[in-house]
Amino acid sequence: MTWVNAVIQGMLQGGIYALIACGLSLAFGVMRVVNLAHGDLAVCGAYLALVVSTGLGVPVWYTLPLVLPAAFAAGMALQVLLLRRALRGGDFATVLVTFGLSVMIENLLQVGATANDRVLNTGAIGIASVRLGSQITLPWLFVAAFLTACGVLGGLQLLLSLTSWGRKVRAIADDVDTARLVGVRVGPVFATVAGFAVATAALAGIFIGAIGNFNPLTGTSTLIFAFEAVVIGGLGSLWGTLAGGIALGVTQVVVGEINQAYAVLAVHLLFLLVLAVRPAGLFAGGQPARAAQVLG
Amino acid sequence: MRPEELVTALDANPRPVRVGRWNLAASVTAGSAAAGLVTLAAVPYFAGGPAEQPLIVAFTFIAMASLWNLLAGFSGLTSFGQHAYIGVGAYGLYLVAEHGVNPFAGIVPAAVIACVVALPVSALLLRLTGGYFAVASLVVAAVFQIAVTLAPSVGGTTGVSLPGLAGYGSVLREAMIYWAAMIVAVACVAGVFLMVRAGFGLDARAVGSDPVAAASLGVRVGRIRLLAYLAGALGMGAVGALIALQTLFIEPTSVFSIQYSVDMLFMVLIGGMGTIEGPIIGALILFALQQQLSQYGAWYLVLVGGIAVLATLTVPRGLWGVVSDRWGWSLFPVGYQVRDRPHDQ
Amino acid sequence: MTAALLEISGLDVFYGDFQALFGVGLRVQRGQALALVGANGAGKTTLLRTIAGAISPARGTVRYDGDDITAAAPHRRIRRGIAIVPEGRRLFPSLTVEENILVGAAAAASGAWPLDRIYEVFPLIARRRRHRASQLSGGEQQAVAIARALAAAPSLLLLDEISLGLAPRVVSELYQTLAGLRESGATLVIVEQDLQRALGACDDVVCLLEGRVALAAAASVGRDAVVAAYFGNRGDKIP
């Protein structure tokens with residue numbers, strides 16, 4: 001694989017990281033919740049898609065109309081039944097609750113699905129690739145993932161900018177107490193944001209499962225990558241998260257070209273470097289106040 | 001009471017208030033703990049192997065729980081990556097033993113190595129708070145694990161076996177591990193107790209509950225968190241060395257296992273955050289649960305996670321918290337109690 | 001006698017163990033303006049926030065248009081016609097002027113003021129409608145905060161310290177706007193440090209002292225009487 005090919009493939013892979021990260025970023029920006037079970041919820045999406053696609057005997061893409069709404073509903077339920085109570089206990093409580101949830105999910109998946117690696121049936125797209133010129137061959141799967149990520153992020157951005165719901169979300173992210181005071185009903189907004197977070201996580205999980213294999217413990221590393229993408233890109237902007245994801249993807253693929261064993265380490269080191277040098281993120285833009293909430 | 005009324009009340013009764021730091025329950029505890037420790041120390045003489053094994057596990061739990069509590073319960077640092085220093089301690093012991101140091105004596109340098117490693121890490125990590133600190137601590141643990149697998153001098157992915165124990169017969173070795181574990185556990189509990197009782201404790205709890213307010217009062221927030229983090233790493237390093245002594249074979253996925261952090265979280269949550277007694281109780285509960293239920297594998301862990309979630313939502317101060325709130329017991333008193341009260345209104 | 005639009009009685013409000021209001025009561029007639037004055041910490045903002053629904057009283061009732069709304073959440077109160085301009089303006093900094101106003105409008109059930117009407121009342125901020133709230137001057141931000149509250153078409157408008165940090169000329173303009181609102185029939189409760197302005201703009205005055213009502217009278221009672229109540233009738237003792 002040539003360098004150009006590697007960089008482009010890294011970018012495309014970054015789209016998936018951005019997709020998994022945007023839910024985390026949204027949830028933190030609006031609700032001040034870091035959901036440590038986020039990665040595991042993505043893996044649940046993959047498992048659900050696996051079950052449905054195997055049961056119906058179709059490629060995993062046909063399961064999306066079922067899996068995504070289910071994930072959205074699960075996110076709302078999670079918020080209303082669990083996170084709302086945890087939020088009253090403060091930051092501490094949400095971190096502890098979501099970590100405990102993560103342990104439960106990973107082990108329930110182990111019980112239900114065994115610890116074996118799984119792959120998703122990706123149908124024809126899974127093996128197709130597109131050629132650009134003589135040097136560049138890109139698997140269709142990666143291209144589709146990247147385009148989907150851009151579409152989802154773009155769609156979310158539109159919703160946030162143009163709709164009444166989006167205004168409420170941004171108002172709450174700015175100042176939840178005043179939002180309540182001027183009559184915004186915060187509960188339903190939190191529930192829908194949580195729904196989006198889990199739905200995007202599930203979608204990302206399906207792509208992750210399509211591109212590589214997955215097992216019950218994949219959630220933890222997924223969470224870590226999502227988190228790193230958010231921090232590298234900077235809080236407060238969905239496009240920043242995309243940039244962060246791309247930075248992650250490119251680093252991983254390019255270093256992987258040199259020596260596969262160092263690829264993941266390189267990503268972690270990039271994260272630590274950004275943390276050391278520019279903790280607000282590379283593309284923080286106009287939201288330094290948001291970063292201050294995270295930095296002690 | 002309106003301000004001028006309180007002033008009048010105090011003016012009328014100018015008796016100084018006596019403040020004490022110890023109480024009867026604490027004396028009883030100290031006495032029975034001392035007696036208990038003597039008995040425990042004698043276990044290898046009258047009970048031998050089968051009794052030692054579970055007790056070693058219990059001691060390790062008590063040490064881990066107390067240390068995690070120092071970080072999360074007293075200083076507001078929810079780290080799920082403390083197991084990183086267990087791994088560092090284990091490998092540290094290996095390195096030290098490789099250079100000829102007696103493995104039992106090596107526990108101390110191994111702990112120090114963990115502490116030294118924690119120093120640069122803290123410069124990065126302690127910039128974060130809350131959930132972001134938690135996830136970043138996971139990253140650090142992942143980095144350590146990967147770094148070790150890439151280093152052939154410590155055995156890469158296969159691991160290494162601990163040298164220097166050939167001279168010990170198995171009975172003696174077991175007994176020495178047992179005593180080492182006991183000493184580490186006592187040191188951790190006593191260390192945390194003394195730290196919290198001293199000025200550090202009040203400052204730490206202020207930092208834990210409201211860093212901005214604490215800073216405005218002059219508490220050096222950064223320094224408190226750094227002290228807690230380093231002390232935690234030191235202790236975890238010792239625990240890691242203990243684990244290496246027990247298993248004799250040091251391998252990345254097991255010494256860097258996140259399961260340790262899951263256990264720590266559970267013990268402190270159930271037992272009671274922010275108290276000295278709580279983690280000990282939590283450790284004993286986890287010990288009991290594990291002895292009975294770990295055969296059920298993943299279901300056991302689902303239970304552990306589930307109890308942790310429930311505990312956070314229903315008894316955030318843990319079982320000991322419920323007890324001490326209700327009856328005011330304090331076996332390891334770290335606060336100040338008023339002995340005489342001004343004349344009641 | 002017509003029932004008061006807003007009627008409060010026996011209000012006890014606590015922050016944890018600290019009691020901020022002791023048996024506070026007052027009445028505001030429809031179309032009247034009430035000035036709420038008192039030293040810092042007397043409880044004015046606490047009272048306003050309790051009326052708006054941000055704080056739950058331990059005892060006492062808040063009645064609006066005859067109904068007991070003591071337990072109602074803020075969004076319910078806005079629907080019924082109570083809107084608050086919070087202390088310190090508290091605009092949403094990352095939202096534009098227009099978006100801030102729209103958020104305020106969203107809470108009204110129906111009959112929210114159309115944007116045009118809002119811009120008629122505040123022509124100066126119409127020019128800045130697409131700017132982020134954080135980019136506005138203090139006076140403009142205060143106008144937007146009032147506009148945001150107006151967007152919900154309230155019958156009762158609560159204003160908390162709108163003159164804070166603003167030049168006198170700017171404050172005069174704001175008060176002129178308030179006078180215009182009164183002419184259209186709005187009922188106002190105004191928390192204000194500037195006694196002169198407060199008494200000039202309002203029909204009645206309530207003075208709070210350490211959480212209790214020290215004076216409740218018509219504004220015509222005069223500045224001296226209010227000042228006396230402000231500091232408590234304790235001669236030379238300074239609280």
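Here the structure is shown first, and the text comes after it.
Residues numbered from 1 in each chain as written. Chains lettered and ligands numbered in written order. Predicted model: local features only at pLDDT ≥ 70, side-chain atom pairs only at ≥ 80, totals over all residues.

A.B. asks: Just give me the short version of the interface of chain B and chain A, but keep the residues and values in it.
C.D. replies: Taken together, the contacts link 36 residues of chain B with 38 residues of chain A. Elements with a minimum of two residues in the side of chain B that touches chain A: helix H6 (130–149), helix H12 (259–271) and helix H14 (298–314) of chain B. Classifying every residue of the side of chain B that touches chain A by side-chain character gives 28 nonpolar, seven polar and one charged. (Contact = placed C-beta atoms within 7 Å. Helix = DSSP H or I, 4+ residues; strand = E, 2+ residues; numbered from the N terminus. Nonpolar A, V, L, I, M, F, W, Y, C, P; charged D, E, K, R; others polar.)

A.B. asks: Tell me about the interface of chain A and chain C, residues and numbers included.
C.D. replies: Tallying the contact residues gives 14 residues for chain A and 20 residues for chain C. Counting only elements with at least two residues in the side of chain A that touches chain C, the list comes to helix H6 (164–174) and helix H7 (176–181) of chain A. Looking at the side of chain A that touches chain C, the element that brings in the most residues is H6(A), giving six residues. Looking at the side of chain A that touches chain C residue by residue, the classes come out as four nonpolar, three polar and seven charged.

A.B. asks: An account of the sheet that holds strand S3 (residues 33–38) of chain C is needed here, citing residue identities and associated values.
C.D. replies: Residues and elements named next belong to chain C. Strand order in this open sheet of six strands is S6-S7-S8-S3-S9-S10, and the pairing throughout is mixed. One side of each edge strand has no neighbouring strand; the edge strands of this open sheet are strand S6 (82–85) and strand S10 (212–218). Neighbour-to-neighbour, the strand axes of this sheet turn through a mean angle of 15 degrees, independent of strand direction. Bridge count for S3 against strand S8 (residues 187–191) is four bridges, and the pairing is parallel. Across the sheet, Ala35 pairs through a bridge with Ile190, a residue of S8. Here helix H9 (residues 223–231) sits on the sheet in contact with S3, strand S9 (204–209) and S10, set at roughly 20 degrees to S9. (Pairing = 2+ DSSP bridges. Axes fitted to C-alpha atoms, helices over the stretch in contact; angles between N-to-C directions.)

A.B. asks: Explain helix H11 (residues 263–277) of chain A residue by residue, including any values.
C.D. replies: The end-to-end C-alpha distance of H11(A) is 21 Å, a good match for the 21 Å that 15 residues give at a rise of 1.5 Å each. Residues Val267(A), His268(A), Phe271(A), Val274(A) and Leu275(A) constitute the buried set of H11(A). The buried residues of H11(A) occupy an angular sector of 120 degrees when the element is viewed end-on, so they sit on one face. Across H11(A) from its buried face, at more than 90 degrees, point the exposed residues Leu273(A), Ala276(A) and Val277(A). Looking at the buried residues of H11(A), the elements they touch are helix H9 (218–233) and helix H10 (238–258) of chain A together with helix H5 (107–125) and H6 of chain B. (Expected span 1.5 Å × (residues − 1). Buried ≥ 20, exposed ≤ 12 C-beta atoms within 10 Å, placed from the backbone. Arc of directions from axis to C-beta.)

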